[in-house]
Amino acid sequence: MTNTPVVASEVSPAPVVIGEMPDDVSTVFTVKVAATLVSAAVIVAALYFGRDILIPLAFAFLIGFALSPAVTRLRRLGLPKIVSVGLVVTSLLLFLAGLVLVLGVQVRSLSEQLPTYQTTIRAKLSDLRTQLKAPGFLDGAMRTVDVVQKEVETPQDPATAPQRVEVVPPPGSQVENALIWLGRTVEPLATVGIVLIFVVLALLDRTDLRDRLLRILGGNLHRSTDALEEAGKRISKYLLMQFVVNVSYGVPLALGLWLIGVPGALLWGVVAAVMRFIPYLGPMVSAVFPLALAFAVDPGWHMVLWALAIILGLELISNNVVEPLLYGSSTGLSAISLIAAATFWTALWGPVGLILSTPLTVCLLVIGKNLPQLQFLDTLLGSMPALSPATRVYQRLLANDVEEAIDIADGEIEKSSVVAFYDTIGIDVLRLARADYGRLATAEHRLRVASGMDELLSELREEHPASPANHPKVVCIGGKWEIDTIAAEMLAHALELDGIAAAAVPMVDATTRSIGKLELDDVSVVCLSYFSHEPESAARQFCRRLRRRWSNIRIILVVWSRPAQILASETYRELGADEVAASITEVIGRTRRMLPQLGNEPERAAIPSNDKERLAALHGTRILNQALREDLDAIAKRAADAFDADVALITVIDHDREIVIGQNRVVPGLDRDELDRAVLPREAAIGGYIVAAGESLLVSDTERDPRFSDNPVVKALRQRFCAGAPLRAPDGFVLGAFSILDAEPRTMDQREMGLLEKLADDVMESIGETDGGKKADVDNETPGEASAIIGQQIPE
């Protein structure tokens, strides 16, 4: 690679003078920081001094979250609200009363048996005392310390030594003692009563409380609704999973203790399950009781060792298998934020704060995710990475820590592939370098990025070598700047890994003399790499001189910054290029079509190996029944409106065609079959890719995707965006797709894709209910009946 400096701007940037912050800006910043600190101090003080009121409220809402699903289910059965709440609360109280009764019997039995264990306890303690008194390896050192201490200490006259005086209060009357004990008993009972009242009120007035919270949050009603919904889902799932985890720990513990003969095994299993609601300390405290009892019961040490082995084994299984399997990312909190939250809430509210720490912190996390003013909470508490992989690599290069940048790259490649890393992360690193040039980056930073990327690419070439090619068919050339050449090297390596003989050449000037030194006689395709937002002039000159020397060569203009004036028109042909691309994947696809030895047919969706069985499953359902057409059209219209898309299609893939069984509107230019359904050839069907892969499909811009840029169906539909979810039958076969299309390029986040997949699943579930519940009469059912069946499954 040449030593040309990294350049990322057409015009040399003016010198940047770094001075002190202006006085007015500094004053505003200071005031904001002071206001934030004062607000935080006030909030913390309010939480601390108001704990007597806030703790019962927090417990009430936490219990309300756990009981709300049961109340909702009873309401759906037609019971009045007050009856539903009464039944749920009464059931909870009866369950707790029964549990206390059973545990009371266990405690009474243990209290009767404890005196019989005194002999065993005395014998073991005597044995331990004897062992401790035996000479040990520290005895000599301890005697030396005692001698030195006696020599240093000065004896004091007993007559002048201070005497310790203890003031003993007079014994209180029986009435006073009774009042003291009554106060100690009534206080927790009163707290429980307050919590119970709050729970009932929260369940009765749940909708009113929700409306008031929405009013308090204010602002964007959509964002506030999402915040409440997400908080409810996360906390409810956390409580449910916590209950399942605790039960899965307590039941085996009780069974194991019963098998080895520890008295009160059921009691200790319940205690362990309940104590695990207290993070960190609960499991340790609950383990003390069965271990102490095993120590008291067994004259030897076998029962203690077995009890310890059972507890440690269950802890290992629960912490490393059960909890990761059930919890997943239910809370969305990072491990360090969980520990910090436990410390913070315990300092404020004591042991009760430790119990409530996770649900309360989840609420803070959700608020931070949905309120722009508090997004720092999402960054501090959330489990999602604070920086994108590209930003992490770029930052490591700026810090001259190439080794860690390589480690990050290796980790991302393990999740996908080298080509995917180059396309989604490597190019983004260069985009960040270009954006910072002349604005923030210093000369040292630019050199660190350039040399670091060289080392990174060299390491990746060594770790992921491609088949050597003596005569490359594709040459990748950096158009103007060094980052253009670095991108060209990524592109060449990606082409080689895809089986295309390619090479990258150092950046050259677009002069006739420099271009004449290139060895392109046996080269079929040249890829010109540009990061400039306006590469027209340089690209036109480069292409013209290339064609003057090699008239038959094919040229792909790669514009990494995606300038709209080139991508959205035929401008690239006026510049002299044959194709234009904006990503590595797109370049690979267009290159394959240009090389004769690789064939120039457009890429088509593969045929699944079990397609024969899939077709049998397709025709074994009622999904092609015309009676469902009107209802499926209504579902498609609803999806198009919800996703703000031009077209929504519900299609199935038959032997040689794709059949549209539901659409939001009539799409012109499509053929019709004998039942007046729109049909598409299977080899060009969008749903064919979903059937072949068995998973959802997202194409942000069909013109930038080689699979669809020349697809006749896409051209007929005149759509640039496509997203689809599989229509999966109960037996696992993918029968078709639920797709939405739009005339403008766009994207969808993970949540929106999940919603589209849910709609597809609901459609298949509804059709399955039609097959099972009314299969004999499905041919004669009216469209209204089918609509009622499907309408119950699709959410508004």
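Because the structure is predicted, anything quoted here is derived from the model rather than measured. (Residues numbered from 1 in each chain as written. Predicted model: local features only at pLDDT ≥ 70, side-chain atom pairs only at ≥ 80, totals over all residues. Heavy atoms only, no water.)

**Student:** What's the story with a negative patch on the surface in this structure? I'm lost.
**Tutor:** Negative charge collects at one region of the surface, where Asp641, Asp644, Asp646 and Glu744 lie side by side. Along the chain, Glu744 turns up in the loop between strand E12 (734–742) and helix H29 (750–774). Residue Glu744 is classed as exposed on the basis of its relative accessible area of 53%. (Patch = residues over 30% accessible without salt bridge, like charges linked within 9 Å, V, L, I, M, F, W, Y side chains within 5 Å. Areas by Shrake-Rupley, 256 points an atom, 1.4 Å probe, with all protein chains shown as cover. Salt bridge = Lys/Arg side-chain N within 4 Å of Asp/Glu carboxyl O. Lys, Arg positive; Asp, Glu negative; His and termini not counted. Charge placed at Lys NZ, Arg CZ, Asp CG, Glu CD. Helix = DSSP H or I, 4+ residues; strand = E, 2+ residues; numbered from the N terminus. Buried < 20%, exposed > 50% of the residue type's maximum accessible area, 1.4 Å probe, protein only.)

**Student:** Which parts of the structure should I look at to understand the packing of aromatic side chains?
**Tutor:** Aromatic ring pairs are defined here through the distance separating the ring centres and the angle between the ring planes. For the coordinates displayed, the defined rule picks out 8 aromatic pairs. Aromatic pair Tyr48 and Phe49: ring centres 5.1 Å apart, planes at 85°, arrangement edge-to-face. Taking the centre distance of 5.6 Å and the plane angle of 55° together, the rings of Phe295 and Trp301 count as tilted. Note on Trp301: relative accessible area 37%, which makes it partly exposed. Among the aromatic residues, those joined into a ring-pair cluster are Phe344, Trp345 and Trp349. A cation sits over an aromatic face here: Arg707 above Tyr689, 5.6 Å from the ring centre. (Phe/Tyr/Trp six-rings, centres within 6.5 Å; stacked < 30°, edge-to-face > 60°. Lys NZ or Arg CZ within 6 Å of the ring centre and 35° of its normal.)

**Student:** What is the right way to read the pairing of strand E4 (residues 554–559) from this model?
**Tutor:** On a regular strand, one side chain projects to one face of the sheet and the next to the other, so that they alternate. For E4, the buried fraction is high: 5 of the 6 residues fall into the buried class. Direction of pairing for strand E3 (residues 525–530) relative to E4: parallel, over a ladder of 6 bridges. The residue of E4 that forms the bridge with Val526 is Ile555. As paired elements, E4 and strand E5 (residues 579–581) share 3 bridges and run parallel to each other. Directly across from Ile556, in E5, lies its bridge partner Glu579. (Pairing = 2+ DSSP bridges.)

**Student:** Is there a simple way to explain the environment of Ile740 in this structure?
**Tutor:** As for its placement among the helices and strands, Ile740 is situated in strand E12. As for Ile740 and Asn664, which are separated by 76 residues in sequence, their C-alpha atoms are 9.7 Å apart. Beyond its immediate stretch of four places on either side in the chain, Ile740 contacts Phe643, Ala645, Val647, Ala648, Phe721, Cys722, Ala723, Met748 and Leu756. (Contact = heavy atoms within 4.5 Å.)

**Student:** Help me understand the packing of helix H7 (residues 206–217) against helix H8 (residues 221–260), please; the structure alone is not making it clear to me.
**Tutor:** When two helices pack together, their arrangement is given by the angle between their axes and by how far apart the axes lie. Where H7 meets H8, the axes come as close as 10 Å, and the angle between the chain directions of the two elements is 130°. In terms of orientation, H7 and H8 fall into the oblique class. Crossing angle aside, the handedness with which H7 passes H8 is right-handed. Contacts from Arg210, Leu213, Leu214 and Leu217 in H7 reach Leu221, Ser224, Thr225 and Leu228 in H8. When its residues are assigned to classes, the contact of H7 with H8 shows 5 nonpolar, 2 polar and 1 charged. (Axes fitted to C-alpha atoms, helices over the stretch in contact; angles between N-to-C directions. Parallel < 35°, antiparallel > 145°, perpendicular 65-115°, else oblique. Left-handed = near helix turned anticlockwise from the far one by under 90°. Nonpolar A, V, L, I, M, F, W, Y, C, P; charged D, E, K, R; others polar.)

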